[in-house]
Amino acid sequence: MTARLADIAAQAGVSEATVSRVLNGKPGVAGATRQSVLAALDVLGYERPVRLRRRSAGLIGLITPELENPIFPALAQVIGQALTRQGYTPVLATQTPGGSTEDELTEMLVDRGVCGIIFVSGLHADTSADMQRYEQLRAQGVPFVLVDGFSPKVRAPFISPDDRAAMRLAVTHLVSLGHTRIGLALGPKRFVPVQRKIEGFVRTLQDLLSLTPEEIEADLVQHSLYTLEGGQAAASALMDRGCTAIVCASDMMALGAIRTARERGFEVPDDISVVGFDDSPLIAFTDPPLTTVRKPVPSMGQAAVRTLLEEIGGTPAPHSEFVFMPELVVRGSTASSPRGRTRP
């Protein structure tokens, strides 16, 4: 017990006597100090005494796609931690191939009496989906926030990265390295983030290399799946068209592109440059470390929670889109174009 008191005191920056007073419910401790001690208990993994446990302010549902792409667990962690700090209990509901659909997961969460739901990369991002499902949810009185995707048909707050700006960052970087044949590998065209990435990609190539939109979309854009295998397939097609650099719409696709390059006997980045998107956990430790566009996950996740809690609290945020600026992280998978490089 003495060792535990010392640990908690050190973590909270207070005396052992103060820790003892808090744990025993004694008066004479400032509110901020009391909270510091309780936070130290939580951080060190000690259970709070029953009388000091905070009752949950309610359940919040979080619906995500499959968790194989590491960006989704990263976002779920940010959202979960932010909800917990506000006293809510996050309930993670994950869509898996052949498993529950978004509608089924939504119904399950509503049946369990959640206070609100955060949707990540859901059907709201799919231009072919019926948006009436979200109006029905609103009619049930369940507040919700939509992350990664946008529809003017849905009255709700949206949280998105600036996909057009992301492509401008990636393409500008590659053009500065001398690349003129730059490909874009990304998912199915019906998704809003895909359409926006294409818009940013096309506009930047127009501005910097004076290419026409028609030749860019016909020759330099390849649709596939947001998987390792999808990246392999897309990269293979783009390499066949003479691309010396490939921008991928996810880090997983970028790893697939690197695999394809190596299968063809190419070196990355000496023979071909690859740029990812997300800056997923551990992506800095790939071989080579991946140049990527960092998705602003912490700020997006915190904004999603803050916006939802405002909705729950009766002071809803505007039903519009909050757009967050991404950041280019240059590592080892990009280099000057082999065509513009002086050979020994």
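Our structure's up above, just so we're on the same page.
Conventions we followed
Residues numbered from 1 in each chain as written. Predicted model: local features only at pLDDT ≥ 70, side-chain atom pairs only at ≥ 80, totals over all residues. Heavy atoms only, no water. Helix = DSSP H or I, 4+ residues; strand = E, 2+ residues; numbered from the N terminus. Contact = heavy atoms within 4.5 Å. Polar contact = N/O pair within 3.5 Å; in protein donor to acceptor, adjacent residues only side chain to side chain. Core = buried A, V, L, I, M, F, W, Y, C linked by side-chain atoms within 4.5 Å. Buried < 20%, exposed > 50% of the residue type's maximum accessible area, 1.4 Å probe, protein only. Salt bridge = Lys/Arg side-chain N within 4 Å of Asp/Glu carboxyl O. Phe/Tyr/Trp six-rings, centres within 6.5 Å; stacked < 30°, edge-to-face > 60°. Lys NZ or Arg CZ within 6 Å of the ring centre and 35° of its normal. Expected span 1.5 Å × (residues − 1).

To continue, consider the overall build of the chain. Assigned secondary structure in the chain consists of twelve helices and twelve strands. Reported as C-alpha extents along the three principal axes, the dimensions of the chain are approximately 75 × 50 × 35 Å. Of the contacts made within the chain by residues no fewer than 6 positions apart, 69% connect residues no fewer than 24 positions apart.

Here we take up the environment of N24. Here N24 shows up in the loop between α2 (16-23) and α3 (31-44). Spatially, the C-alpha atom of N24 lies 8.7 Å from that of P49, the residues being 25 residues apart in sequence. In this structure the side chain of N24 is engaged in a polar contact, spanning 2.8 Å, whose partner is the backbone oxygen of S20.

In terms of nonpolar packing, the biggest core is built from 40 residues, with I182, L184, F201, I246, C248 and V274 touching the most fellow members. Of all elements in the fold, only α7 (163-176), β6 (182-186), α8 (192-209), α10 (228-240), β8 (245-248), α11 (251-263) and β9 (273-278) reach the threshold of two or more residues within this core. Residues in contact with F201, not counting those within four places in the same chain, are M167, V171, I182, G183, L184, I216, L220 and V221. If you look at the next biggest cluster of nonpolar residues, it comprises 24 residues, including I60, F72, A82 and L83.

Moving on, we get to the pattern of salt bridges. Applying the stated criterion to the full structure yields 15 salt bridges. Residue E327 is joined to R294 by a salt bridge in which the shortest nitrogen-to-oxygen separation is 3.5 Å. With E327 in strand β12 (residues 327-329) and R294 in strand β10 (residues 291-294), the pair connects residues that are 33 residues apart, well separated along the chain. Residue classification places R294 among the partly exposed residues on the basis of a relative accessible area of 31%. Linked by salt bridges that have partners in common, D279, R294, E327 and R331 make up one network.

On inspection of all chains with the given rule, the structure shows four aromatic pairs. Relative to F144, the ring of F119 has its centre 6.2 Å away and its plane inclined at 90 degrees; by these criteria the two rings are edge-to-face. Taken together, the residues span a long stretch of sequence, with F119 in strand β3 (residues 116-120) and F144 in strand β4 (residues 144-147) at a distance of 25 residues. With respect to burial, F119 and F144 carry one shared label: buried. Following the ring pairs from residue to residue traces out a cluster consisting of F119, Y134 and F144. The cationic tip of R4 hangs over the ring face of Y46; the distance from NZ or CZ to the ring centre is 5.4 Å. The positively charged end of K197 is found above the aromatic ring belonging to F277, 4.2 Å away from the centroid.

Look at helix α4 (residues 71-85): 22 Å from first C-alpha to last across 15 residues, which is about the 21 Å you get at 1.5 Å a residue. Every buried residue belonging to α4 is among I71, F72, A74, L75, A76, V78, I79, G80, A82 and L83, and all of these are buried. In the core, the buried residues of α4 are packed alongside β1 (59-64), β2 (89-94), β3, β4, β9 and α12 (297-312).

A negative phi holds for most residues other than glycine; trans holds for most peptide bonds. For the bond from V268 to P269, the omega torsion is 15 degrees, close enough to zero to count as cis. Considering the arrangement of structural elements, one finds P269 in the loop between α11 and β9. Here D287 and P288 are connected by a cis peptide whose omega angle stands at -5 degrees. The phi dihedral of D148 falls on the positive side, at around 65 degrees, and the residue is not glycine. Examined against the element boundaries, D148 turns out to sit in the loop between β4 and β5 (158-161). Phi at S210 takes a positive value of approximately 60 degrees, unusual for a residue other than glycine. For S210, a relative accessible area of 62% corresponds to the exposed category.

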